[in-house]
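The lines below spell out each chain.
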Amino acid sequence: MKRPSRIVVGYDGSAHADGALDFALMMAGSCRAEVLVLHATGLLERYEHRDVTHLPDQVAARVAASRLPAARVHFAFDDGDPCTTLLRAAELEPAADLIVVGTRGHTTHGGRLLGSTSLELAEHATVPVVIVPLQEGPAGA
Amino acid sequence: MLITHEILDSTGHEDPGHPERPARLDAVWAGVADLHLDSDVVRVPVRSAGRAELARVHEPVYLDHLGAFCFEGGGELDPDTYATYDSWPLAQQAAGTGLAVLEELHRRGEGVGFVAVRPPGHHALRDRAMGFCLINNVAVAAAALRSAGERVAVIDWDVHHGNGTQAIFWNDPDVLYVSAHEWPLFPGSGVAAEVGGLAAVDRTVNLPLPAGATGDVVLQALEEVAGPVIDDFDPTWTLISAGFDGHRDDPMADFEMTSGDYARLAAWVRGFARPGRLAIYLEGGYDLDALRHSVAGTLAALLDAPTPLEDRSQGGPGVDQVARIRTERHQTLQLVRAQALGEAP
């Protein structure tokens, strides 16, 4: 298996997503990879008028705290559910060759076996998937 | 004559505050009542779809997992989509009732079918729930017809692209999928260059239109781009994936359509659908008043039933987009056909 050159990480601003982002940044640093930070815009986000405009800044702050040059990290919004958008990022050129997600994002019910984005990705992805558990204390510390 | 079904009690599938809620069906049936059809309505019993009927379009392992997930109490399937303990039997009933209406239509040989069930279906993939959808009801219906040797056109006018239906029939030359939808918007698919798989080239027609599009633009796209494809396909059955979230009052999207526009779209479908071989399947629509009036407008146009309608909307953006869609489809079809013939580099 070759080193990843383009990593996509799912990001919804949760503590789980922060942990996944930190891991992706660390991996990118050691592999000299680029990172695409992807936020999936779903139906409810629009319906509930959730404000996600702060997410790029939240990501930029974590990138700044890492050793990775900011120019190698890109942020994007994409319409769809997290699984679909991440799989799309791993299929369309320039395709990602590693997917990183947290064990769960923002949920109301706590996330159950079926439908957990991480497990759905593991089942459907054609590239490796890293599922990052939530760390105790400050992520990445 | 309206061929429909007994009212499905869907109150067991509810997540407080979620827009895909039982009251949607109340609004739909209120829209039907507004037409005062009286004796011109036939209601068949609600029935559950069998495993074999569902397995035509869904992976058996997905059906097993969904059933088990619900049996254990349900929860979130993705950030948009929920299931409860009752969702699995309700989803089976939603899909099965769609089949029961088709069977009654077939038996009578006349009338218009109307399936008002939830949860909706057109985002559901073969192996995954998505976008409020668990089982792809219209796909289950289309697959049943397909297995009986029919050629089925699915006309999807929900404001969101029906990615699940498209994916399920991507390589099936006997199912034509047509979608007019807002783009960019969830689920992110449905660009004009998606024209079908190598075994079903030109059996997918996507009409992605900009926010603000009005009914005249949606109709123009359907008539000018999808119309010739439908004529060439000559469907023996036509199913409408009828979402009403393109209404100007709907909170989910930014089309500017009215109940008068849905009546006009329905009249367009009526122009090519064979008599007694047209059925409507409810998808989205989340503003209850808009849903009620749009259902009434749609059925009024199909049944010649008088009802007050909002004025048709016009003058919105997207006319230029229709020309671009036609060009993009033409170029893609040339490439894909060459690829299918092994001529592509």
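For the structure, check the block above.
The text that follows walks through the structure, step by step, so that each part is easy to find. These figures come from a predicted structure and were not determined experimentally. (Residues numbered from 1 in each chain as written. Chains lettered and ligands numbered in written order. Predicted model: local features only at pLDDT ≥ 70, side-chain atom pairs only at ≥ 80, totals over all residues. Heavy atoms only, no water.)

**Here we look at the overall build of chain B**
Of regular secondary structure, chain B possesses ten helices and ten strands. Taken over the C-alpha trace, chain B has a radius of gyration of 19 Å; the compact-globule value for 345 residues is 20 Å, and the two agree within 12%. Its C-alpha atoms put chain B at 50 × 45 × 40 Å along the principal axes. Taken across its 345 residues, chain B has 64% of its residues classed as buried. A separation of at least 24 residues holds for 79% of the contacts in chain B among residues at least 6 apart in sequence. Roughly 12000 Å² of accessible area belongs to chain B as shown, and the carbon and sulfur atoms make up 49% of that amount. Of the side chains in chain B, 25 bear a positive and 50 a negative charge, and the two mean positions are spaced by 7 Å. (Helix = DSSP H or I, 4+ residues; strand = E, 2+ residues; numbered from the N terminus. Rg over C-alpha atoms; globule rule 2.2 N^0.38 Å. Buried < 20%, exposed > 50% of the residue type's maximum accessible area, 1.4 Å probe, protein only. Contact = heavy atoms within 4.5 Å. Areas by Shrake-Rupley, 256 points an atom, 1.4 Å probe, with all protein chains shown as cover. Lys, Arg positive; Asp, Glu negative; His and termini not counted. Charge placed at Lys NZ, Arg CZ, Asp CG, Glu CD.)

**Thoughts on the overall build of chain A**
From N to C terminus, chain A includes five helices and five strands. Each helix and strand of chain A, placed in order from N terminus to C terminus, yields the pattern β-α-β-α-α-β-α-β-α-β. Taking all 141 residues of chain A together, the buried fraction comes to 47%. Sequence-distant contacts in chain A: of pairs separated by 6 or more residues, those separated by 24 or more amount to 77%. Split by element, the accessible area of chain A, about 7200 Å² in all, is 56% carbon and sulfur.

**Quick word on the packing of aromatic side chains**
Residue and element names in this part refer to chain B. Summed over all chains, the structure comprises eight aromatic pairs over all chains. On the basis of an interplanar angle of 65° and a centroid distance of 6.4 Å, the ring pair of W157 and F244 is categorised as edge-to-face. Taken as a pair, W157 in the loop between β6 (152-156) and α6 (163-168) and F244 in the loop between β9 (237-242) and α8 (259-272) lie far apart in primary sequence, 87 residues in all. Exposure remark for W157: the relative accessible area of 4% places this residue in the buried category. Each ring, one from W157 and one from Y262, has its centre 6.0 Å from the other, and the planes form 45°; the classification is tilted. Here W157 is found in the loop between β6 and α6, whereas its partner Y262 is found in helix α8, with 105 residues between them in sequence. The same class applies to W157 and to Y262, which are both buried. Taken together, W157, F244 and Y262 form an aromatic cluster joined through their ring pairs. Sitting above the plane of the W29 ring, R43 keeps its charged end 4.7 Å from the centroid. (Phe/Tyr/Trp six-rings, centres within 6.5 Å; stacked < 30°, edge-to-face > 60°. Lys NZ or Arg CZ within 6 Å of the ring centre and 35° of its normal.)

**Things to note about the interface of chain B and chain A**
One widely used convention gives an interface's size as the accessible area the parts lose upon coming together. Listed per partner, the contact involves 33 residues of chain B and 25 residues of chain A. Summing both sides of the interface, chain B and chain A together bury roughly 2500 Å²; the carbon and sulfur share of this comes to 56%. If you look at where chain B meets chain A, you find three salt bridges. Our count for the contact surface shared by chain B and chain A stands at nine residue pairs in polar contact (both at pLDDT 80 or more). Among the secondary structure elements, those contributing two or more residues to the side of chain B that touches chain A are α3 (60-71) and β3 (74-76) of chain B. Here the side of chain B that touches chain A is composed, by residue class, of 14 nonpolar, ten polar and nine charged. (Buried area = accessible area lost by both parts, 1.4 Å probe. Salt bridge = Lys/Arg side-chain N within 4 Å of Asp/Glu carboxyl O. Polar contact = N/O pair within 3.5 Å; in protein donor to acceptor, adjacent residues only side chain to side chain. Nonpolar A, V, L, I, M, F, W, Y, C, P; charged D, E, K, R; others polar.)

**Considerations on the environment of B:A144**
All names here are of chain B. Position of A144 relative to the elements: it lies in helix α5 (residues 137-147). Sequence-wise, A144 and T214 are 70 residues apart; in three dimensions their C-alpha atoms are separated by 34 Å. Apart from the residues within four sequence positions on either side, A144 is in contact with R56 and L99.

**Looking at the sheet that holds β9(B)**
All names here are of chain B. The parallel open sheet is built from eight strands, whose spatial order is β2-β1-β5-β10-β9-β6-β7-β8. Of all strands in the sheet, those with a lone pairing partner are β2 (41-44) and β8 (204-209), marking the two edges. Taken pair by pair, the neighbouring strands of this sheet meet at an average axis angle of 15°, ignoring direction. Bridge analysis of β9 against strand β10 (residues 278-282) gives five bridges, and the strand direction is parallel. Counted as the bridge partner of I240 is I280 from β10. Packing against the sheet, α5 makes contact with β6, β7 (175-182), β9 and β10, and its axis sits at approximately 175° to β9. (Pairing = 2+ DSSP bridges. Axes fitted to C-alpha atoms, helices over the stretch in contact; angles between N-to-C directions.)

**Details of helix α9 (residues 288-303) of chain B**
Residue and element names in this part refer to chain B. Taking 1.5 Å of rise per residue, the 16 residues of α9 would be expected to cover 22 Å, and the 22 Å separating its terminal C-alpha atoms lies within 8% of that figure. Across the 16 residues that make up α9, a large majority, twelve, are buried. Inspection of α9 places A290, L291, S294, V295, A296, G297, T298, L299, A300, A301, L302 and L303 among the buried residues, and these make up the whole buried set. If you follow the buried residues of α9, they end up packed against β1 (2-5), α1 (23-33), β5 (112-115), α8 and β10. Downstream of α9 by one or two residues, D304 has phi in the positive range, about 55°. (Expected span 1.5 Å × (residues − 1).)

**What to know about the sheet that holds strand β5 (residues 129-132) of chain A**
Residue and element names in this part refer to chain A. Sheet architecture is open: five strands sit in the order β3-β2-β1-β4-β5, paired in parallel fashion. Looking at which strands have only one partner, the edges of the open sheet turn out to be β3 (73-79) and β5. The mean angle between the axes of side-by-side strands here comes to 25°, regardless of whether they run parallel or antiparallel. Where strand β4 (residues 98-102) lies against β5, four bridges are found, and the strand directions are parallel.

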